[in-house]
Structure formats: structure tokens, C-alpha cells
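# Residue-level structural notes
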Amino acid sequence: MTSRLSLAKSIKRLLAAALTLLMFSAQAAEPQGMLETIHKHKTLASTSPDNGDLNPYAVVVAPVSSGVIEQGDVLVDNFNNISNLQGTGTTIVYYRPSTKETKLFAKVAQNLKDCPGGVGLSTAMTMLKSGWVIVGSTPSKDGTTKTKGDGCLLVFNSNGQHVATWAGPTINAPWGNMATIDRGDSAVLFISMAGFGLQGPEVVDPATRYPIITHQATVLRLELTIPEGQAPVLQSQTVIGDGFAQRPDRDNFLFGPTGLALGADDTLYVTNGIANEITAIPNASTRTDSAQTGRLVTKDGLLGWPLAMVMTPAGHLIVANGKNGQAVEINPITGKQIYAHWLDSNQAQSPPGNGDLFGLALTPDGKGIYYVEDDMNTLVLGAP
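This text gives an overview of the structure that appears in the document. This structure is a prediction, so every number in the text was calculated from the model and none was measured. (Residues numbered from 1 in each chain as written. Predicted model: local features only at pLDDT ≥ 70, side-chain atom pairs only at ≥ 80, totals over all residues. Heavy atoms only, no water.)

### Some thoughts on the sheet that holds strand β21 (residues 326–330)
What the four strands build is an open sheet, ordered β19-β20-β21-β22; its pairing is antiparallel. Sheet topology places β19 (306–311) and β22 (337–342) at the edges, where each strand pairs with a single neighbour. Across this sheet, the average inter-strand angle for adjacent strands is 25°, counted without regard to direction. Pairing of strand β20 (residues 317–321) with β21, which is carried by four bridges, proceeds in the antiparallel orientation. Of the residues in β21, the one forming a bridge with A320 is A327. (Pairing = 2+ DSSP bridges. Helix = DSSP H or I, 4+ residues; strand = E, 2+ residues; numbered from the N terminus. Axes fitted to C-alpha atoms, helices over the stretch in contact; angles between N-to-C directions.)

In C-alpha cells form, the structure reads like this:
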């Protein structure tokens, strides 16, 4: 009897240990973030329209159906013209997942007189619930910052018609992808401005032999009202961040704060590419002063010239690297860099994918990401 009891206890202990091991293994194997679940990469479409514009930058998923746009369409703008001069692209295209078609959404004149310096559509783009599309212009005459204009923000209706231009002393090279608070009849936009004090790439630092780094880039908050049936009206502008690093570059036009993502607690996260870091600006929608570059969240590690950035449903940040073809997932609360995932492993660049990535957007279900490969002028889907 005693031996049978001992055997039964031993079996119970072994079963309990096995169950614990299985539970531990399951927990260890469970993904810590979204990027670990991305296994498929599918090229969806060319982003180059009939006029030959190149270098896709901004990626935005339509939140509503309005005009020629259907909810879930993916809007992409182009920074270069057919001659591949940066700061001269004038077109926005849209890809429709339901039909797999790509069409021209909007085109404006490159020398648009109301936009200082002309038109070169940048990563700063959004579509509001009211159907209005707002996009930044960071223009150039020769494809470099030597001839850069101050630029502007362009407003389009949902049929692709240009209806308004915003320019002024706080707007200079609208650059980073917009973070948006959209209330329907009003909205708040957060945009980085990377052009203040920027010189041409031919002006170099004698010590480094690289173009001169300055620290005059800002983050600007724009508050809009949206009267029913009328274009958005710009009500106020507030600089909530300043002192970010920027630098001209012949190959990349400029380096400056590019990714902006807003957390649920009203913290605005900003990628600072030259410093290879992400910082945080608290009380972004209500503050009346500048937080300068904000609080450091994370630096170096898996980051390599962090560019565009999105917030996942779980509250993590996904950042596209400019120096290689990887995206990096980060917990902004702890600052932990969770995972790096290859979006573009093109061996033609060194490191692989160097300079190929720029815009990012979440798919409507929050499980995948749209991104552009600007060396191939294509829109790509990364999905589970």
C-alpha cells in the first residue's frame, strides 16, 4: 500500500512539473509584440503615377468613405518628380485593397504660387473623418536643400481638388508623419518642421566633413475647426517642441524629426534620427509652451536613423529604420526595444535596405502594416 501511495505521489509530482514546464514554454513562446507576428510581405502596387513621380513617402489609411475614396484605401504621396529630383513630387495616389487598383488622387502644379518655394510632397499627410486630406510640402528647385523653400500645408477635398494652402512663419519644411486627434468637427494635428536654419549639403563641418548639423527643428501643433461642408479652418498654432537636430544630405535630402505618434495619455513620441533616439513630449494637446526635445524614451540599440513611426493597438511603437531595412518595436513606457524585423532585406544596399523605408501605417484591423519601399516605388503589406 505504501509503495502504491508513493508511486501515485511521484506521478502527481511529475505531472505537475510537466504542466509547469508546458505553461512556461507557452509563455516564453508567446509574442511580446506585433512585429513578431508579421510573417508575410506582399508587394501590392506601384506608387508611381502616369507623370512618373517617384520616391513614395507618406502612407495614410482612409478612415472613412468620402468622395472618390473608400474607407480602407491607402493614400501615398511622392517626393520626387520623374527626373528623380527630391522636393519636386506633386502627386498623391490611392490603392484600393478591395479591387487591387491604384489611381491618381491629386496632382498640383510644382510652382504653386501660394506655397513658398513650390511643391514637393513630404511624409506629413493625414486624412480626416470629414474627408479632408492635408499634406505637407517641402520643396526644392534642384533636388537639394540648397534651393529649399519654406513650403506649406495643402488641403484637398475627398475628390482630390486643392482647396486651401497654409503657410507662415511657423511652417518651414513640414517633414514628419502627422499625428492626429480627430473629433469630426475639429481636429488637432502634430507636425515636425525640419527646415529652419537648414543650409545646403555643400556647406560642411570642417571637423567631420559632413554637412552641418543644426538644432532648430520644431514640433508644431495646429488646431482646426471644420465647419460642415466647408474646408478646415486653421485656428491656432503652438510650438510644443524645439531644438531637434537636423542636417542636409545629398542622398536623403535632409535628416530631421520624422516619426510622430500620440499615446493614449496625451504623450507625443518623436523620432530624432540624427541623435538616433525617440523622445516624449507630455500633455501634447494642452501644453502652451515648448517641451524642447522632451524626455528620452530610448536610444541606439536596434535603432538606425529612426524615421516614420506608428502606435500599435497594444500601445507599442513601431519605427522604420532609415539606415537599414528593419522596423523596430518599442515599449514606450519602459523604453525597452522589443524586436527588430526585416521589412526590406535588399542586398543591393549596404546595410541591406539602407535608405529604402520611409512611411508606415497600420492596417484597419491593427494586425498588419503598410509600408513603402522608395527604391522600388512600391506599396507593401506586412501581415501575419
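Don't stop here, the text continues.
### Brief notes about the pattern of salt bridges
Two side chains carrying opposite charge are able to pair once their charged atoms lie near each other. Enumeration over the complete set of coordinates arrives at six salt bridges. In this structure, the salt-bridge partner of E70 is R96, at a minimum N-O distance of 3.6 Å. Highlighted residues: E70 in the loop between β2 (54–61) and β3 (74–80) and R96 in strand β4 (residues 91–96), separated in sequence by 26 residues. The exposure class assigned to R96 is buried, which follows from its relative accessible area of 13%. The salt bridge partner of R247 is D249, with a shortest N-O separation of 2.9 Å. Of the residues examined, D249 reaches a relative accessible area of 12% and is grouped as buried. (Salt bridge = Lys/Arg side-chain N within 4 Å of Asp/Glu carboxyl O. Buried < 20%, exposed > 50% of the residue type's maximum accessible area, 1.4 Å probe, protein only.)

### Looking at the sheet that holds strand β18 (residues 295–299)
Taken together, the four strands give an open sheet; going across it, the order is β15-β16-β17-β18, and neighbouring strands pair in antiparallel fashion. Lying at the two open borders of the sheet, with one neighbouring strand each, are β15 (257–262) and β18. The mean inter-strand angle of the sheet, taken between neighbouring strand axes irrespective of direction, is 25°. Across five bridges, strand β16 (residues 268–272) lies against strand β17 (residues 277–281) in antiparallel orientation. Considered in β17, the bridge of Y269 is made with A280.

### A closer look at the packing of aromatic side chains
Summed over the entire model, instances satisfying the criterion amount to eight aromatic pairs. Centre to centre, the rings of Y57 and F79 are 4.6 Å apart; their planes meet at 15°, and the pair counts as stacked. Here Y57 is found in strand β2, whereas its partner F79 is found in strand β3, with 22 residues between them in sequence. Judged by its relative accessible area of 0%, F79 is buried. Considering the side-chain rings of F79 and W175, the 5.6 Å spacing of their centres and the 75° angle between planes classify their relative orientation as edge-to-face. Taken together, the residues span a long stretch of sequence, with F79 in strand β3 and W175 in the loop between β9 (162–166) and β10 (179–182) at a distance of 96 residues. Grouping aromatic residues by their ring pairs yields a cluster made of Y57, F79, W175, F253 and F358. (Phe/Tyr/Trp six-rings, centres within 6.5 Å; stacked < 30°, edge-to-face > 60°.)

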